[in-house]
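Read off the chains here:
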Amino acid sequence: MSLAWPSPMLVKLGNETESPLHRRITDEEGSWIASVGALCNTFTLCFLGMLIDRIGRKYCVILTCVPKILISIVFIFAKEAWVLILGRAVIGSADFFLFTAVPIYASEIADKETRGSLGTLLQMLSSLGIALTKSIGPFVSYTTYSIVFAAMNLLVAIPVLFLPDSPYYLYSKGKTNQAMNTLTSLRGSEELAKEELAMYSVAVNTEKVNKIKLLKDRVFLKSLGIAIVLCIMSQFTGFNAVSYYLQTILVSTNTNVMPEVASLVISLIQILAAICAAIVTDRWKRTHILLSSFIGIFIGLVALGLFFKLTEEKQEVIGFLNYLPMISLIIVIYCYSAGIGSLFWVLVPELFDGPGRALGVTIAMVVVSFLIFITTKFFPLLTMAIGPAMTYWSFSIICVISCIYVYFCIPDTNGKTFNEIQKELSGEEAREINEKNDK
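Residues numbered from 1 in each chain as written. Predicted model: local features only at pLDDT ≥ 70, side-chain atom pairs only at ≥ 80, totals over all residues. Heavy atoms only, no water.

Asks: Explain helix α9 (residues 176-187) here, please?
Replies: The α-helix advances 3.6 residues per turn, and as a result positions three or four apart in sequence lie on the same side. End to end, α9 covers 16 Å across 12 residues, agreeing with the expected 16 Å (1.5 Å per residue, within 8%). Those residues of α9 that fall on the buried side of the exposure criterion are Ala-179, Met-180, Thr-182, Leu-183 and Arg-187. Within two residues after α9, Gly-188 carries a phi angle of roughly 80°, on the positive side. (Helix = DSSP H or I, 4+ residues; strand = E, 2+ residues; numbered from the N terminus. Expected span 1.5 Å × (residues − 1). Buried < 20%, exposed > 50% of the residue type's maximum accessible area, 1.4 Å probe, protein only.)

Asks: I would appreciate a short explanation of the packing of helix α5 (residues 81-109) against helix α6 (residues 115-136) in the present structure.
Replies: Two measures define how a pair of helices packs: the angle their axes make with one another and the distance between the axes. Contact geometry for α5 and α6: axes closest at 8 Å, N-to-C directions at 150°. Classified by the angle between their axes, α5 and α6 sit roughly antiparallel to one another. Here α5 runs over α6; the crossing is right-handed. Between α5 and α6, the residues in contact are Phe-99, Val-102, Pro-103, Ala-106, Ser-107 and Ile-109 and Arg-115, Leu-118, Leu-122 and Ser-126, respectively. (Axes fitted to C-alpha atoms, helices over the stretch in contact; angles between N-to-C directions. Parallel < 35°, antiparallel > 145°, perpendicular 65-115°, else oblique. Left-handed = near helix turned anticlockwise from the far one by under 90°. Contact = heavy atoms within 4.5 Å.)

Asks: Explain the pattern of salt bridges here, please?
Replies: Close approach of charged atoms lets side chains of opposite charge pair. Enumeration according to the criterion identifies 8 salt bridges in this entry. For Asp-95, the salt bridge identified is with Lys-68, shortest N-O distance 2.3 Å. Of this pair, Asp-95 sits in helix α5 while Lys-68 sits in helix α4 (residues 57-77), and the two are 27 residues apart along the sequence. Lys-68 sits in the buried class, given a relative accessible area of 11%. Taken together, the salt bridges that share partners define one network made up of Arg-57, Glu-108 and Arg-357. (Salt bridge = Lys/Arg side-chain N within 4 Å of Asp/Glu carboxyl O.)

Asks: Help me understand the side chain of Thr-362, please; the structure alone is not making it clear to me.
Replies: Looking at where Thr-362 falls in the secondary structure, it is placed in helix α19 (residues 354-386). Relative accessible area serves as the criterion here: at 7%, Thr-362 is assigned to the buried category. If we ignore the near neighbours within four places in the chain, the residues touching Thr-362 are Leu-45, Gly-49, Ile-52 and Thr-100.

Asks: Is there a simple way to explain the nonpolar core in this structure?
Replies: Soluble globular proteins: nonpolar side chains tend toward being buried together. Core analysis: the biggest nonpolar cluster contains 71 residues, and Leu-230, Ile-297, Ile-340, Phe-344, Val-348, Phe-352 and Met-365 have the highest contact counts within it. It is α19 that contributes the most residues to this core, 11 residues altogether. Setting aside its immediate chain neighbours within four residues, Ile-340 contacts Leu-230, Ser-234, Leu-290, Ser-293, Phe-294, Ile-297 and Cys-335. In terms of nonpolar packing, the next biggest core, distinct from the first, is built from 19 residues, Met-1, Leu-10, Ile-33 and Tyr-145 among them. (Core = buried A, V, L, I, M, F, W, Y, C linked by side-chain atoms within 4.5 Å.)

Structural data, given as structure tokens:
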């Protein structure tokens, strides 16, 4: 709900009659409201990321709930634009810290058969929150929506208190008995729990993880490089720019389709896409899903650019052209959510072993947050400078480059243990196969 907050709220804040502020916000203030959280997170996550290994995954998630609840209450009574910008900075930092801790937690409580599906739940529930925002936000006042937003932040924080902590984190802190009990509960078998603890012993150094040593490790750097490229691919397709300004984009198309209704339909499509991702993630190769995702996004962005190119040339918007923007956006959002949008949260934690997972995912999220700031802050400026058509076509070129990279460089992690993934990244798996063939 927080991620989608700018979509309906920026429209209201820019309207004299609907804005609760003393004046309507400017376009510059609107772009800061949408992007400031990602910018702040670029710096704050460097420090917050250290807490993942210090206080544990569960307590990091609890830690994010407090500022989200407080800021959502402040939003109800806000009367100045600077309050909203400051609030979005705080709540955005909490959101991105949450998106760092949750994938790590999910990957560590799941077994290798369900790790992919469990990881995609983050995207599925994010899509549900986005749909709630777009089904409520456009049709109620700013104050009413703010009350609903604050109530939901409080409601979803309560179950977090009752979560078990990550068994890997417990083991890494020397709490072997607690880790054993948690694993037995999660796996349903003491024998399976013992097998997994044996794998932990290969990776875990119960002493403090040496970050400098990790940054010199060839396999860690290779994993980090792949993760950073995944970050670039996931953001420079323009999805977040499209998502944050979805209702604004639909208003700008000047079609007969109501922007509020179209925005809601697209959000429901996003939930469907996330459900599809959860179903196929552990059945299909990760690389095949990613390739299908980028090809679909490419088609949607080219079609959206074509619509704006036709309207720039004074083409009358009649018949099928009324629905082309909505169809294009549906294709983009469905393919993103069913592919890279869901798999990103699965693949990035999978690329790192236990000692390097928190550091690797944190660095990846710092990169993501900076790229989200760039795309959301400068998306309106880019569309004004080169026009909407060229903007969307530029994003589509990134999709083509991403397909090439996925095909040649991304390892398939489906159904593999973390140890097996590390072997593949280090080249040990290939050497073992060659040795067997030689024999």
